[in-house]
Amino acid sequence: KAGVTQTPRYLIKTRGQQVTLSCSPISGHRSVSWYQQTPGQGLQFLFEYFSETQRNKGNFPGRFSGRQFSNSRSEMNVSTLELGDSALYLCASQTGHHINTEAFFGQGTRLTVV
Amino acid sequence: GEDVEQSLFLSVREGDSSVINCTYTDSSSTYLYWYKQEPGAGLQLLTYIFSNMDMKQDQRLTVLLNKKDKHLSLRIADTQTGDSAIYFCAESIERAGNMLTFGGGTRLMVKP
């Protein structure tokens, strides 16, 4: 059974640009959550998608957005990149929403903003 | 509010037991998790415990939960150098769906 796949693994962008990250959950999982990991703030929840709908959102500005497709794959987008957006972005795959089951994480996308 | 705290650093000798501690504040936690992160990698789920349990054992790992004190611990028996990593505890609460609130992580260093 394939795990959670995040692409790309590494990305370098310039301030002001936008970026799109992709996450393919484990087959059969319908919930995808996104997290930002930085040395200063640790792991912070961005948002969760289930059945193509955003179900929960963390405390991030509107520049951070996401979506989920009918095959449960999810993308997150960050517009007008700032230096502080440099981080490891992790996605988590779970079977459903409001079911507190195991959350499996991908390897992450390392975004560097210069 | 939700707040999860861990000590920053733990150093042990190979073969000893490691105990990593975590405290949380939200009494409505439903599941509590332990994740391991190696350098440059994502998060590996080690184990989890439901909030109505006191203990869970899984091979070398033992999780203890004290709901009264809101204290969670992870004991690793016979710690090996391959156990060197950052360990995160996380909680989920029913009203927040699948959102996990993580502690800051404990860096475990295992000396040969």
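Let me begin by describing the structure that accompanies this report. All values reported here derive from a predicted model rather than from experimental measurement.

### Some points on the overall build of chain B
In step 1: In terms of helices and strands, chain B carries 0 helices and 11 strands.
In step 2: Listed by position from the N terminus, the elements making up chain B come as β-β-β-β-β-β-β-β-β-β-β.
In step 3: At 13 Å, chain B has a C-alpha radius of gyration in line with the 13 Å of a compact globule built from 112 residues.
In step 4: Within chain B, the fraction of its 112 residues that count as buried is 49%.
In step 5: Carbon and sulfur atoms make up 48% of the accessible area of chain B, which totals about 5,300 Å².
In step 6: One finds the centroid of the 11 positive side-chain charges in chain B at a distance of 3 Å from the centroid of its 14 negative side-chain charges.

### Re the sheet that holds strand S6 (residues 55-58) of chain B
Residue and element names in this part refer to chain B.
In step 1: Ordered in space as S1-S3-S8-S7-S6, the 5 strands form an open sheet in which the pairing is antiparallel. Edge strands, defined here as strands with exactly one partner in the open sheet, are strand S1 (4-6) and S6. Neighbour-to-neighbour, the strand axes of the sheet open up by a mean angle of 15°, direction not taken into account.
In step 2: Bridge analysis of strand S7 (residues 61-66) against strand S8 (residues 71-76) gives 6 bridges, and the strand direction is antiparallel.

### Some words on the interface of chain B and chain A
In step 1: Each side of the interface is counted separately: chain B has 20 residues, and chain A has 24 residues.
In step 2: Between chain B and chain A, roughly 1,800 Å² of surface is buried when both sides are summed, and carbon and sulfur atoms account for 51% of that area.
In step 3: Broken down residue by residue, the surface that chain B buries against chain A is led by Leu43(B), Asn98(B) and Met99(B), which jointly contribute 33%.
In step 4: Run the count over chain B and chain A and you get 0 salt bridges.
In step 5: Taken together, the links from chain B to chain A amount to 6 residue pairs in polar contact (both at pLDDT 80 or more).
In step 6: Broken down by element, the residue count for the side of chain B that touches chain A peaks at 5 residues, all from strand S4 (residues 29-37) of chain B.
In step 7: For the side of chain B that touches chain A, the class distribution of residues is 12 nonpolar, 7 polar and 1 charged.

### What about the state of the cysteines?
All names here are of chain B.
In step 1: A complete count under the given rule lists 2 disulfides over all chains for this structure.
In step 2: The disulfide partner of Cys22 is Cys89, and the gap between their sulfur atoms is 1.9 Å. Disulfide Cys22-Cys89: the torsion about the S-S bond is 70°, which places it as right-handed. Separated by 67 residues along the polypeptide, Cys22 in strand S3 (residues 18-24) and Cys89 in strand S9 (residues 85-93) bring together distant segments of the chain.

### Let's talk about the nonpolar core
Residues and elements named next belong to chain A.
In step 1: Trp34, Leu46, Phe64, Met76 and Tyr89 are the most contacted members of the largest nonpolar core, which totals 21 residues.
In step 2: The set of elements that each furnish at least two residues to this core consists of strand S3 (19-24), strand S4 (31-38), strand S5 (42-50), strand S8 (74-78), strand S9 (87-94) and strand S11 (109-113).
In step 3: Residues within four places of Phe64 in sequence aside, it is in contact with Gln36, Leu46, Phe47, Met76, Asn77, Val78, Asp85 and Tyr89.

### Re the sheet that holds S3(A)
Residues and elements named next belong to chain A.
In step 1: An order of S1-S3-S8-S7 is seen for the 4 strands of this open sheet, with the pairing classed as antiparallel. Since the sheet does not close on itself, it has two edges, and those belong to strand S1 (5-7) and strand S7 (64-68), each with one partner. With strand direction ignored, the average angle separating the axes of adjacent strands in the sheet is 20°.
In step 2: One ladder, built from 5 bridges, connects S7 with S8; its direction is antiparallel. Bridging across to S8, Arg67 finds its partner in Glu75.

### Observations concerning the side chain of Glu48(A)
In step 1: Here Glu48(A) is to be found in strand S5.
In step 2: Within polar-contact distance, the side chain of Glu48(A) engages the side chain of Asn98(B) at 3.0 Å.
In step 3: When sequence neighbours within four positions are dropped, the list of residues in contact with Glu48(A) reads Ser31(A), Val32(A), Ser33(A), Thr53(A), Gln54(A), Arg55(A), Asn56(A), His97(A) and Asn98(B).

### Considering the layout of surface pockets
In step 1: In this structure, the largest pocket encloses a volume near 460 Å³.
In step 2: Around the largest pocket sit 22 residues that line it, and Gln37(A), Gln37(B), Ile86(B), Phe88(B) and Arg107(B) are the ones nearest its centre.
In step 3: Those elements that provide at least two residues to the lining of the largest pocket are S4 of chain A together with S9 and strand S11 (106-111) of chain B.
In step 4: Considering each element in turn, the lining of the largest pocket owes the most residues, 4 residues, to S11(B).
In step 5: The class makeup of the residues in the lining of the largest pocket is 10 nonpolar, 9 polar and 3 charged.
In step 6: What lines the second largest pocket is a set of 19 residues, among which Gln41(A), Leu43(A), Gln44(A), Thr101(B) and Phe102(B) lie closest to the centre.
In step 7: When residues of the lining of the second largest pocket are assigned to their parent elements, the largest contribution, 4 residues, is made by S5(A).

Definitions and limits used
- Residues numbered from 1 in each chain as written.
- Chains lettered and ligands numbered in written order.
- Predicted model: local features only at pLDDT ≥ 70, side-chain atom pairs only at ≥ 80, totals over all residues.
- Heavy atoms only, no water.
- Helix = DSSP H or I, 4+ residues; strand = E, 2+ residues; numbered from the N terminus.
- Rg over C-alpha atoms; globule rule 2.2 N^0.38 Å.
- Buried < 20%, exposed > 50% of the residue type's maximum accessible area, 1.4 Å probe, protein only.
- Areas by Shrake-Rupley, 256 points an atom, 1.4 Å probe, with all protein chains shown as cover.
- Lys, Arg positive; Asp, Glu negative; His and termini not counted.
- Charge placed at Lys NZ, Arg CZ, Asp CG, Glu CD.
- Pairing = 2+ DSSP bridges.
- Axes fitted to C-alpha atoms, helices over the stretch in contact; angles between N-to-C directions.
- Contact = heavy atoms within 4.5 Å.
- Buried area = accessible area lost by both parts, 1.4 Å probe.
- Salt bridge = Lys/Arg side-chain N within 4 Å of Asp/Glu carboxyl O.
- Polar contact = N/O pair within 3.5 Å; in protein donor to acceptor, adjacent residues only side chain to side chain.
- Nonpolar A, V, L, I, M, F, W, Y, C, P; charged D, E, K, R; others polar.
- Disulfide = S-S within 2.5 Å.
- Core = buried A, V, L, I, M, F, W, Y, C linked by side-chain atoms within 4.5 Å.
- 1 Å grid on protein atoms, 1.4 Å probe; cavity = no way out; pocket = protein on both sides within 12 Å on 5 of 7 lines; lining within 4 Å.
- Points joined across faces, edges and corners; volume = space filled by probe spheres on them.

Honestly, that's just the spatial picture; any functional story needs more than this.
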